[in-house]
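In case you want the letters, here they are:
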Amino acid sequence: MSQLLGIIQRLKTMQETNENGEVQQRLFEMNGKTLCQVKYFPSTGAFELEVYDKDSKANKYQFDDMDIAAIEIFDLLQEERDPSK
C-alpha cells in the first residue's frame, strides 16, 4: 500500500468513527519525531492540521477536503524523509 493511500485510509477512519460526535485525532510521526497532529471535527466536517516545526512550535491549518489534507500530510512526511528536496 502506498504511503498516500495509508494516510487517506487513516483520515477516512476518523470520519467514520465519529458516531458520538467527538473530535477524532491522530498523530503522524516519522523516525520517532511527531510531525503533525490531525483533528477531525464532525460538526463542521473539517480537518485541522497542526504542524510542528523544529522548535516544536505549531502552525494550524484547516481543510474541508480530505484529499487536500492527505496531500499536506504526505508532503510533510516526504520532507522529513528527504530534507534536501
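Residues numbered from 1 in each chain as written. Predicted model: local features only at pLDDT ≥ 70, side-chain atom pairs only at ≥ 80, totals over all residues. Heavy atoms only, no water.

1. Considering helix α2 (residues 66-81)
And step 1. With 16 residues, α2 extends 23 Å from end C-alpha to end C-alpha; this agrees with the ideal 22 Å at 1.5 Å per step.
And step 2. Those residues of α2 not exposed but buried are M66, A69, A70, I73, L76 and L77. In an axial view of α2, the angular spread of the buried residues amounts to 120°, which keeps them on one side of the axis.
And step 3. Where the residues of α2 are buried, they touch α1 (3-16), β1 (24-30), β2 (33-41), β3 (46-52) and β4 (58-63).
And step 4. The distance from a side-chain oxygen at the start of α2 to the backbone nitrogen of D67 is 2.8 Å, and the residue carrying that oxygen is D65. (Helix = DSSP H or I, 4+ residues; strand = E, 2+ residues; numbered from the N terminus. Expected span 1.5 Å × (residues − 1). Buried < 20%, exposed > 50% of the residue type's maximum accessible area, 1.4 Å probe, protein only. Arc of directions from axis to C-beta. Contact = heavy atoms within 4.5 Å. Polar contact = N/O pair within 3.5 Å; in protein donor to acceptor, adjacent residues only side chain to side chain.)

2. Here we look at the pairing of β2
And step 1. With seven bridges connecting them, β1 and β2 associate as antiparallel partners. Counterpart to Q25 in the pairing with β2 is K39.
And step 2. In terms of strand pairing, β2 meets β3 through six bridges, oriented antiparallel. Residue pairing across strands places Q37 opposite E50, the latter belonging to β3.
And step 3. Hairpin connection, β2 to β3: the antiparallel pair is bridged by four residues, and G45 has positive phi, about 75°. (Pairing = 2+ DSSP bridges.)

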